[in-house]
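# Results of the structural survey
One-letter residues, chain by chain:
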Amino acid sequence: MIKATLKSLLARKLRLLLSGLAVVLAVTFISGSFVLTDTLGRSFDKLFETVYENTDIQVTTKPPIEGDAGFALPTSIRSEDIAKVKAVPGVEKATGQIAVNGARVIGRNNKLVPNTTGTRLGANWTGDDEVAKIRDGQAPTSDNEVMLNGQVAKDSGYKIGETVKVKTPADNLIHEFKVVGIVGNSGGRDSIGGEHIVFFTEKAAQEFLLGAPGTYSLIDVRAASGVPLATLQKDLRAALGDQYLVETGAELAKKNAAPLKQIFKFFNYVLLGFGVIALMVGIFLILNTFSIVVAQRTRELALMRAMGAGRGQMVGSVLTEAFIVGLIGSTLGLLAGVGLGALGAWGLAQTVDGLEVAGLAVPPAAIILAFAIGIPVTLIAALMPALKAAFIPPIAAMRDAATADRPLTWITISGAVVTLIGGTFLFLGLNGTGSGTTTLLLVLAGVLVLLVGSALLTPFLCRPVVSVIGRLFSWSVPGKLGRRNSSRNPRRTAITAAAVMIGIALVTGISTIVSSVEASATKAIDKQLAADLVISGEQTSEIPPTIDPADLSRIRNIDGVDRTVAVTYEFFAKAGDKDAFVLAYDDWAAARAVLHLEQESGNIGEIAPGQVVLDKNTAKDANLKVGDTVNLQLPKGAKQMQVVGITKESDVANGWTISMPDAQALFRSAAPISAYLTIDSGASAAAVKKAVDADLRNSPEVTVQTRDEFVDSQLFFFTFLIGAVQVLLMVAIAISVLGVINTLVLSVLERTRELGMLRAIGLRRSQTMRMITVESVVISLFGTLLGLGVGAGLGISVVKALKDQGFSTLAMPWGLMGAYLLAALVIGVGAAVIPAVRAARLNVLNAIAYE
Amino acid sequence: MTGTIEATGTAARTVDVWKVYGSGEAQVIALRSVSVELGKGKFTAIMGPSGSGKSTLMHCLAGLDSVTRGEVFIGDTRLTGMNDKKLTELRRTKVGFIFQQFNLLPTLTAEENITLPLSIAGRKPDKAWFDTVIDTVGLRDRLKHRPTQLSGGQQQRVACARALVARPEVIFADEPTGNLDSKSGAEVLGFLRNSVREFGQTIVMVTHDPVAASYADRVIFLADGAVVSELFEPTADTVLDKLKNIEVNAPSLTKAEAQQ
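Reading the values: the criteria
- Residues numbered from 1 in each chain as written.
- Chains lettered and ligands numbered in written order.
- Predicted model: local features only at pLDDT ≥ 70, side-chain atom pairs only at ≥ 80, totals over all residues.
- Heavy atoms only, no water.
- Pairing = 2+ DSSP bridges.
- Helix = DSSP H or I, 4+ residues; strand = E, 2+ residues; numbered from the N terminus.
- Axes fitted to C-alpha atoms, helices over the stretch in contact; angles between N-to-C directions.
- Contact = heavy atoms within 4.5 Å.
- Parallel < 35°, antiparallel > 145°, perpendicular 65-115°, else oblique.
- Left-handed = near helix turned anticlockwise from the far one by under 90°.
- 1 Å grid on protein atoms, 1.4 Å probe; cavity = no way out; pocket = protein on both sides within 12 Å on 5 of 7 lines; lining within 4 Å.
- Points joined across faces, edges and corners; volume = space filled by probe spheres on them.
- Nonpolar A, V, L, I, M, F, W, Y, C, P; charged D, E, K, R; others polar.
- Domains from an automatic or database assignment.
- Buried area = accessible area lost by both parts, 1.4 Å probe.
- Salt bridge = Lys/Arg side-chain N within 4 Å of Asp/Glu carboxyl O.
- Phe/Tyr/Trp six-rings, centres within 6.5 Å; stacked < 30°, edge-to-face > 60°.
- Buried < 20%, exposed > 50% of the residue type's maximum accessible area, 1.4 Å probe, protein only.
- Lys NZ or Arg CZ within 6 Å of the ring centre and 35° of its normal.

### Considerations on the sheet that holds strand 13 (residues 218-223) of chain A
Residue and element names in this part refer to chain A. The strand order 3-13-1-14 describes an open sheet built from 4 strands, whose pairing is antiparallel. Edge positions in the sheet fall to strand 3 (91-97) and strand 14 (244-248), since each of these pairs with one other strand and no more. Ignoring which end each strand starts from, the neighbouring axes of this sheet average 20° apart. Along the sheet, helix 3 (residues 79-86) contacts strand 3, strand 13 and strand 14; its crossing angle with strand 3, the most-contacted strand, is approximately 165°.

So, in structure tokens, the structure goes:
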């Protein structure tokens, strides 16, 4: 029996290829995502192991306020701390070092020198070591001299002897230094991981980086030989107390690699998403292929039955074939996945200067998942057709008569039931009060079940919808024949179209949600922002970009500028025990007007020192009302603040607004970070923008944008997201095209004699091709229309259900939906090429010859 | 065998046609120097044992297969050397087919199947002629049925009507009764003979059934790729005798060649 299966499988290589491809694609993406994460993870581990290669133990102080996303306030170690460390037995050497992020080198074009990692360190030079050595020139000897690391020199073009402008973190102001040396890393590298470093003298570093003479950011501890690091770490902790962090080099490497790995996890999810889509579409493709394969083999199987093979053996035969297809597909998919993952890791590493990709390795999870997914999925998809084949009476199968269409009642009823269940899940998920995870799971399950339900309903919809679509093509005889052919076997057409549907439904749904979010946000910003021009910069480190106050006062005097509101903020802040975002405006009255801040309760007319104004959502989250007091912890101290007013919801200004004097006293820096400008009526926004731009000469980190540009830049993420969704569609399309090709190729094979007769009675080759193309286009249009309907339905229900969560506007992605319809035409025509050529090349004589 | 042409002229003819498959050891000669002329408005049957080349001859005549040597004509049109497009055009306008397996399109109704060759060629059926054909084959009340709802005999009558409705110069019927019981077969054959008598339709039929051949005006016998004999106004008995004769006397090339 197995031998017969193998022979039959080898005899039909095409069908093996087509059904296997779906498995290959799905497994490729899934195993690829694991290889990618693994490779990148090991690359980052290696990077930070290099950085901390020579570090035995490092001592820092615990930051009073921890920021989010890996940002941390610089700590300050005093000389007496170093003395205390030196006194601990087992310490061979303890050096105070200064290393602070935010030493921003300004390029010759008076703009910030771009850096892909966002790491712009300022440090004191402590001498050559194994990792970093002076490449050219010499160490700084006076406080106005600096060395640059190779990466800065390369990215900025500055050379020894030139003057370099650096915006330093302590005062957030620009200072000029003379470049006296260039530092290179071991192995001739410019940097270890793409970072920018400016090296100062110790005194200059304390002044410009920490803003406090005689302090350091950390103590580098060298253990005496023979002293175990764990023991020394314990002794140091005992000596210093719990206000200090004592970490080994290995611990630090791990700690610092973690957030970077986290960022790149995102790409892992994207690839996994592709894998899941590929899998979902792939299941339909495999199911369809096996249905057709079994239909083709019906007579062969019946012959075996007649000769005494049992039903179990029949099913076994089909499942053996499925197992082999699954095994080969999974293996090829795994190999392709390793390639894809390695390529992806390499590509992502290119975006990080200096990151070296770790060697290729295949994580066990990738191997296990490849087979754990690829083989069972193929087996499950093949089981149904196998059972069907086993229950066909042998004599019926051996007759020439085509198996009559079975009624669609059962499948339609079960489709309706499944759709209803999915709808219920979705409804409960969207309207329920469960926790975040429960909601997400319910929504996901709902979507999944709904898709399966709609797929089951496709055969029922096939006849009416296809006959309507088909009318478009009925003007010619080949078109009419093609249309008839596509509704000939509703199950097969439906299952092929369902594969197209799934992909289109998912991207239409996601696009509807994203475009609604975008439209809602645009509307909100539009409504809430009366500014004509916005000055702002991109935040790339814990030091926010700032506008030079002198620039700002010049801007206030530009002809045509009406009002200027500057804002500063601090995110190293805690209100009570929760993280807080604290803002201060230089002109609160103007800010309220420009940002359309309206009073919800209390009095928002004025904010005096010791007072705070909140927006409605922040107040609700913090459980505060007018008159309450709250302890606001800020970098330079804590203060009890009284809530004097609460504003209505705002998407532009949400957080804790305090007075400027409080901000100046408690923020790291109260320099303006963004500014909102209104212009005189009759003035040209473009002309004023140009003047403002010219006046921002001392503010290299910020740019001025018109309101529309600002809105666009705020919504950049959504644009990116919609783009990413389209890539997802590509994958889904690629697989569903395979499905359409598969169906058509097999249909052409099945209808060989019919095609021969048509050619014999005068159908031209071109007409034959047109007939197949119409069939193909009708199937893909059918799937796309269903997908658009289901996707739009899903998207709309999500948007409607989340109306209170900021989805104020429903925006259908009409343009994209139109594009998908066009894509359907292209898919249809493209998928028809191979089968149509096969049909047209058919040898008429062979086709009509008796068997 | 020349000189048998009726006054009405020739509908199709072959001139010294050879058909050779393969080469060297595996070479098979399917037709050896076959020259036949098929009279216009006549019902001609081609007979012969399996492998005699009768189907090959018909395929060559119908423009479905190319010849190795020699020439094929339908009316005055020379088929030899035509490309696929021209042959397709010819099949559309001048040739009709009836197959053993009926070969109807299951997606179309009986009426649509009948008018299919005309539709493909972009022609409108002549209503009066269509009605005549339908009434002759007796399918009036079956026009809206699909092939699966028709019996074998009915299906083959639909196929006959499909061939007739385009009024081709020649209809080629390949074992038209091979899949039918004797009653349905007789109906179809009677119908074919009537269309020759009443409408002057030319029909060429390949068969190995002496009874079917007895409906024809003339029977041409093939053996080993060559024309070996022929009969006019045959009966089932005379055909059977002739066949026995051919099978007993191993067909000789010289005999076939001598007869020309």
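### Remarks on the sheet that holds strand 4 (residues 43-47) of chain B
Residue and element names in this part refer to chain B. Spatially, 7-8-9-4-10-11 is the arrangement adopted by the 6 strands of the open sheet, whose pairing is mixed. Since the sheet does not close on itself, it has two edges, and those belong to strand 7 (95-98) and strand 11 (226-232), each with one partner. Taken over all neighbouring pairs, the strand axes of this sheet differ in orientation by 20° on average, direction set aside. Relative to strand 10 (residues 218-223), strand 4 runs parallel, the two being bridged by 4 bridges. Across the sheet, the residue bridging to Met-47 is Phe-221, located in strand 10. Lying on the sheet, helix 1 (residues 54-61) is in contact with strand 4, strand 8 (170-174), strand 9 (203-206) and strand 10; it crosses strand 8 at an angle near 150°. Packing against the sheet, helix 5 (residues 152-165) makes contact with strand 7 and strand 8, and its axis sits at approximately 175° to strand 7.

### A closer look at the packing of helix 4 (residues 127-137) of chain B against helix 5 of chain B
Working note: a packed helix pair is described by the angle between its axes plus the distance between those axes. Residue and element names in this part refer to chain B. Their axes nearest at 10 Å, the elements helix 4 and helix 5 cross at an angle of 155°. When the axis of helix 4 is compared with that of helix 5, the two are roughly antiparallel. The crossing of helix 4 and helix 5 is right-handed. On the side of helix 4, the interface is formed by Trp-129, Phe-130, Val-133 and Val-137, while helix 5 contributes Arg-157, Ala-161, Leu-164 and Val-165.

### Quick word on empty space enclosed by the protein
All names here are of chain B. Scanning the entire structure with this criterion turns up 6 cavities of 30 Å³ or more. Taken as a whole, the largest cavity spans an internal volume of roughly 70 Å³. Contributions of two or more residues to the lining of the largest cavity are made by helix 2 (84-94), strand 7 and helix 5. Looking at the lining of the largest cavity element by element, the count peaks at 3 residues for strand 7. Per-class residue counts for the lining of the largest cavity are 7 nonpolar, 1 polar and 3 charged.

### Here we look at the domain arrangement of chain A
All names here are of chain A. Per the domain assignment, the segments of chain A are domain 1 (55-258), domain 2 (462-530 + 713-851) and domain 3 (539-700). Each of domain 2 and domain 3 was reduced to a C-alpha centroid, and the two centroids are 51 Å apart. At the interface, 5 residues of domain 2 touch 10 residues of domain 3. Together domain 2 and domain 3 conceal approximately 590 Å² of surface at their shared face, both sides included; 60% is due to carbon and sulfur atoms. Inspection of the region where domain 2 meets domain 3 yields 0 salt bridges.

### Thoughts on the packing of aromatic side chains
Per the counting criterion, the structure on display carries 11 aromatic pairs over all chains. Residues Trp-125 of chain A and Phe-199 of chain A carry aromatic rings whose centres are separated by 5.0 Å and whose planes lie at 80° to one another, so their mutual orientation is edge-to-face. Note that Trp-125 of chain A is positioned in the loop between strand 6 (120-124) and strand 7 (132-137) and Phe-199 of chain A in strand 11 (residues 196-200), a separation of 74 residues in sequence. Considered together, Trp-125 of chain A and Phe-199 of chain A belong to a single accessibility category, that of buried residues. In textbook terms, an aromatic cluster arises when at least three aromatic residues are bridged by ring pairs, as seen for Tyr-569, Phe-571, Phe-572 and Phe-581 of chain A. The side chain of Arg-167 of chain B reaches across the aromatic face of Trp-129 of chain B, ending 4.2 Å from its centre.

### Focus on unusual backbone geometry
Residue and element names in this part refer to chain A. Although it is not a glycine, Asn-110 adopts a positive phi angle of roughly 65°. On the basis of relative accessibility, which here comes to 24%, the residue Asn-110 falls in the partly exposed class. One non-glycine residue, Asn-172, lies in the positive phi region at around 55°. The residue Asn-172 is located in the loop between strand 9 (163-168) and strand 10 (173-185) in this model.

### Digging into the pattern of salt bridges
Residues and elements named next belong to chain A. The final tally for this structure, using the stated rule, is 38 salt bridges over all chains. Measuring nitrogen to oxygen at the nearest pair gives 3.8 Å for the salt bridge that ties Asp-56 to Arg-222. Note that Asp-56 is positioned in the loop between helix 2 (13-51) and strand 1 (57-61) and Arg-222 in strand 13, a separation of 166 residues in sequence. Residue classification places Arg-222 among the partly exposed positions, given a relative accessible area of 34%. The salt bridge partner of Lys-167 is Glu-701, with a shortest N-O separation of 2.6 Å. Highlighted residues: Lys-167 in strand 9 and Glu-701 in the loop between helix 19 (685-695) and strand 26 (702-706), separated in sequence by 534 residues. Connected through shared salt-bridge partners, Asp-551, Arg-554, Asp-695 and Arg-697 make up one network.

### Looking at the interface of chain A and chain B
Taken together, the contact pairs 22 residues of chain A with 27 residues of chain B. A combined buried area of about 2400 Å² lies between chain A and chain B, and 61% of that area is made up of carbon and sulfur atoms. At the boundary of chain A and chain B, one finds 4 salt bridges. For the salt bridge of Asp-84 of chain B with Arg-765 of chain A, the shortest nitrogen-to-oxygen distance reads 3.8 Å.

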